[in-house]
Amino acid sequence: MYVATKGGEAAIENSHALIAEERRGDPAVPELEAAQIREQLGGAVDRVMTEGSLYDPDLAALAIKQAQGDLVEAIFLLRAFRTTLPRFGASAPIDTGAMTIRRRISAAFKDLPGGQVLGPTYDYTHRLLDFTLAARGETPPVAPEEDATDAAMPRVADILGHEGLIEPETPPPGPEQPYDLTREPMQFPAGRDQRLQNLFRGDEGFLLALGYSTQRGYGRNHPFAGEIRMGTVQVEFTPEELGFPIALGEIEVTECQMVNQFKGAKGIAPQFTRGYGLAFGQAERKTMGMALVDRALRADELAEDRLHPPQDEEFVLSHSDNVEASGFVSHLKLPHYVDFQSELVMLRGMRASAEAMQKEAAE
Amino acid sequence: MGVLGRAPAKSLAAKMEALGGPIAFDWLRQPEIGAIMVQGRAGGTGAAFNMGEMTVTRCALRLTGETASVGHGYVQGRDARHAELAALVDALLQTDRQAEVMDAVIQPLKAEEAARRLAARRKAGATKVDFFTMVRAEG
């Protein structure tokens, strides 16, 4: 238990001033603008938007600046801002099949329609520090342009689907009202809609580690990166007063379709099963971790034994959110003086009686 | 209306200069910043789920003058001026200036968007992998 305390106002104010000074750093070095963060630290911006659950590159950049690059703190800032916005409604589900592709690879099929498009990736870099970036005023090379990629490319899962070799993913009949964690509390057992929203907002490091653990045998499900695609999709929304859909926005997303072995079960023929990952921006590692964990969490549905943490939805969903996790861990810093005082009294009492008993025994 | 929301605000403002002087209007709803929940589908084609929200600015206005047409603006982001311009164009499209607005604003914005997408696809196209089949020598 923690208690409210008074005092320390001046110390807190001065701490705020100190952090502002430290955030600014050496005044001789030019101040960083949020626009520079937005344009040049895209990886951080995308992570903050995804886990902060709000697509707005300018706000994510501001949050990163304010948090001095502490991304979990920046995510917290964006989440807090998000709650101040009135909700106009929900979009139609985005169509990733109609994506304007910037990157698209498959580790399962070499010759897939539309081809393997590497796009901007660090995969084939040598991971050597590039000291030319430390020198200012470098003009970057202009990326070459060649024949355009196809305007839309079929998904690998859809290609496999034609042969019936992979489980189909079809929407349920009738109008859909997917679970919304921003409106409703977590509940168990969770539907896949609730799980996917949780994983979408979930901490990249947590999902990466859990996904990795499934590969090492903790809920093994033999994954292949069926397809990873990254690019822009349109967001369609139907305002109530208009009654017709408008494609009012365009967002960048990354999608990962894991294809997993499945030996079949009662009434289900052997076929490939699927795990799904999706995120705002360029977030390949996040979507791969998410897809591995999504598949592991489908254990019950696929009649697999639930033996390991990544298959346990209460464990995964309750601990994936870094805002909640950091809040609960951080609350240990709040004054626990009374609690601690009572523990001290008890401990002293126990030691005194133990000493007394020892003395008695010796006599 | 979609292209007005997706276009960069600066680009929309530049196109509207061709329409001449300030256009008089009354607000029906002042620009308001809010969010819409963006949804995806499990596996890309399955059941819908909520991803996260996206900032959107909306407004509504009525032109003052003979044709008091109403315009709605819905744009991505938090730029009130962007929403205002989008609503103005929407209102003008319902007047006898429709053809002029299509030529000066809508068509050029659509062309710019198509060019942006094509450029992205051409840059991606340069990173497309050409596989060489390794042929094993006979004998």
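Residues numbered from 1 in each chain as written. Chains lettered and ligands numbered in written order. Predicted model: local features only at pLDDT ≥ 70, side-chain atom pairs only at ≥ 80, totals over all residues. Heavy atoms only, no water.

Asks: Please explain the overall build of chain B as it appears in this structure.
Replies: Counting its secondary structure elements, chain B contains four helices and three strands. Shown N-terminal to C-terminal, the secondary structure of chain B runs as helices and strands in the order α-α-β-β-β-α-α. The principal-axis extents of the C-alpha atoms in chain B amount to approximately 90 × 35 × 20 Å. Taken across its 139 residues, chain B has 49% of its residues classed as buried. Surface accessibility of chain B: about 6,600 Å² in total, with carbon and sulfur atoms responsible for 52%. Separation of charge centres in chain B, based on 18 positive and 15 negative side chains, amounts to 8 Å. (Helix = DSSP H or I, 4+ residues; strand = E, 2+ residues; numbered from the N terminus. Buried < 20%, exposed > 50% of the residue type's maximum accessible area, 1.4 Å probe, protein only. Areas by Shrake-Rupley, 256 points an atom, 1.4 Å probe, with all protein chains shown as cover. Lys, Arg positive; Asp, Glu negative; His and termini not counted. Charge placed at Lys NZ, Arg CZ, Asp CG, Glu CD.)

Asks: For this particular structure, what's the right way to read the overall build of chain A?
Replies: The helix and strand inventory of chain A stands at twelve helices and six strands. Over its C-alpha atoms, taken along the principal directions, chain A stretches across nearly 90 × 65 × 55 Å. A burial count over chain A gives 40% of its 363 residues as buried. Pairs at least 24 apart in sequence give 65% of the contacts found in chain A among residues at least 6 apart. Taken as a whole, chain A presents about 20,900 Å² of accessible surface, with 57% of it coming from carbon and sulfur. (Contact = heavy atoms within 4.5 Å.)

Asks: It is not clear to me how the packing of aromatic side chains should be interpreted in this structure. Could you clarify?
Replies: Aromatic ring pairs are defined here through the distance separating the ring centres and the angle between the ring planes. Considering all chains together, one arrives at six aromatic pairs over all chains under this definition. Ring geometry for A:Tyr55 versus A:Phe280: centroids 5.1 Å apart, planes at 80°, classification edge-to-face. Taken together, the positions of A:Tyr55 in strand β1 (residues 54-55) and A:Phe280 in strand β6 (residues 273-280) put the pair 225 residues apart, joining distant regions of the chain. A single burial state applies to A:Tyr55 and to A:Phe280, both of which are buried. The interplanar angle of 85° and the centroid separation of 6.5 Å between the aromatic rings of A:Phe88 and B:Tyr74 together place this pair among those described as edge-to-face. Placement of A:Phe88 in strand β2 (residues 87-90) and of B:Tyr74 in strand β3 (residues 70-76) is noted, with the two residues assigned to different chains. Take A:Phe88 and B:Tyr74: they sit in the same class, and that class is buried. Taken together, A:Tyr55, A:Phe200 and A:Phe280 form an aromatic cluster joined through their ring pairs. When the ring centre of A:Phe88 is taken as reference, the NZ or CZ atom of B:Arg58 above it lies at 3.7 Å. (Phe/Tyr/Trp six-rings, centres within 6.5 Å; stacked < 30°, edge-to-face > 60°. Lys NZ or Arg CZ within 6 Å of the ring centre and 35° of its normal.)

Asks: Help me understand empty space enclosed by the protein, please; the structure alone is not making it clear to me.
Replies: Residue and element names in this part refer to chain B. For the coordinates displayed, the defined rule picks out one cavity of 30 Å³ or more. As a volume, the largest cavity reaches approximately 30 Å³. If you go around the largest cavity, the residues you meet are Val3, Ala7, Pro8, Ser11, Leu109, Glu112, Glu113 and Arg116. In the lining of the largest cavity, the residues fall into four nonpolar, one polar and three charged. (1 Å grid on protein atoms, 1.4 Å probe; cavity = no way out; pocket = protein on both sides within 12 Å on 5 of 7 lines; lining within 4 Å. Points joined across faces, edges and corners; volume = space filled by probe spheres on them. Nonpolar A, V, L, I, M, F, W, Y, C, P; charged D, E, K, R; others polar.)

Asks: Looking at this structure, I do not really get the interface of chain B and chain A. What am I missing?
Replies: In many analyses, interface size is given as the accessible surface area lost on bringing the parts together. With 48 residues of chain B at the interface, the matching set in chain A holds 75 residues. Considering only the surface of chain B that becomes buried against chain A, B:Met51, B:Glu53 and B:Arg121 emerge as the three largest contributors, covering 13% of it. At the surface where chain B touches chain A, the tally comes to seven salt bridges. The tally of links from chain B across to chain A stands at 32 residue pairs in polar contact (both at pLDDT 80 or more). Elements supplying a minimum of two residues to the side of chain B that touches chain A: α1 (2-6), β1 (25-41), β2 (48-63), β3 and α4 (98-125) of chain B. Considering each element in turn, the side of chain B that touches chain A owes the most residues, eleven residues, to β1(B). Two elements, β1(A) and β2(B), share two bridges in a ladder whose sense is parallel. Counted as the bridge partner of A:Leu54 is B:Glu53 from β2(B). (Buried area = accessible area lost by both parts, 1.4 Å probe. Salt bridge = Lys/Arg side-chain N within 4 Å of Asp/Glu carboxyl O. Polar contact = N/O pair within 3.5 Å; in protein donor to acceptor, adjacent residues only side chain to side chain. Pairing = 2+ DSSP bridges.)

Asks: Sorry if this is basic, but what is going on with the layout of surface pockets here?
Replies: The computed volume of the second largest pocket comes to approximately 1,300 Å³. As for the second largest pocket, its lining consists of 35 residues, and the residues nearest its centre are A:Tyr122, A:Asp130, A:Leu133, A:Pro140 and A:Pro141. Going through the elements one at a time, α2 (34-40) of chain A together with α4 of chain B are the ones with two or more residues in the lining of the second largest pocket. Class assignment of the residues belonging to the lining of the second largest pocket gives a composition of 18 nonpolar, nine polar and eight charged. Looking at the lining of the second largest pocket, you find at least three residues from each of domain 1 (9-82) and domain 2 (96-122 + 148-169 + 178-325) of chain A. (Domains from an automatic or database assignment.)

Asks: I keep staring at the confidence of the model for chain B and nothing clicks. Help me out?
Replies: Low pLDDT means the predicted atomic positions in that stretch should not be read closely. Residue-level pLDDT values for chain B average 93, and 94% of them are 70 or greater. Among the scores for the predicted complex, ipTM is 0.93 and pTM is 0.93. (pLDDT = per-residue confidence, 0-100.)

Asks: Hey, could you run me through the packing of helix α3 (residues 42-52) of chain A against helix α5 (residues 71-82) of chain A in this one?
Replies: Angle between the axes and distance between the axes are the two parameters that describe a pair of packed helices. All names here are of chain A. It is at 8 Å that the axes of α3 and α5 come closest, and there the two elements cross at 50°. With respect to α5, the axis of α3 lies oblique. Seen from above, α3 lies across α5 with right-handed handedness. On α5, the residues touching Ala44, Arg47, Val48, Met49, Glu51 and Gly52 of α3 are Leu71, Ala74, Ile75, Leu78, Arg79 and Arg82. (Axes fitted to C-alpha atoms, helices over the stretch in contact; angles between N-to-C directions. Parallel < 35°, antiparallel > 145°, perpendicular 65-115°, else oblique. Left-handed = near helix turned anticlockwise from the far one by under 90°.)

Asks: Explain the environment of B:Gly20 to me, please; I cannot follow it from the model alone.
Replies: Residue and element names in this part refer to chain B. The residue Gly20 is located in the loop between α2 (9-16) and β1 in this model. Exposure remark for Gly20: the relative accessible area of 35% places this residue in the partly exposed category. In this structure, the C-alpha to C-alpha distance between Gly20 and Val70, residues 50 residues apart in sequence, is 19 Å.

Asks: Is there a simple way to think about the packing of α3(A) against helix α4 (residues 57-66) of chain A in this case?
Replies: All names here are of chain A. Where α3 contacts α4, the two axes come as close as 9 Å, and the packing angle between them is 105°. Compared by their axis directions, α3 and α4 come out roughly perpendicular. Touching Ala44, Val45, Val48 and Met49 of α3 are Pro57, Ala60, Ala61 and Ile64, all from α4. Its residues placed into classes, the contact of α3 with α4 shows eight nonpolar, no polar and no charged.

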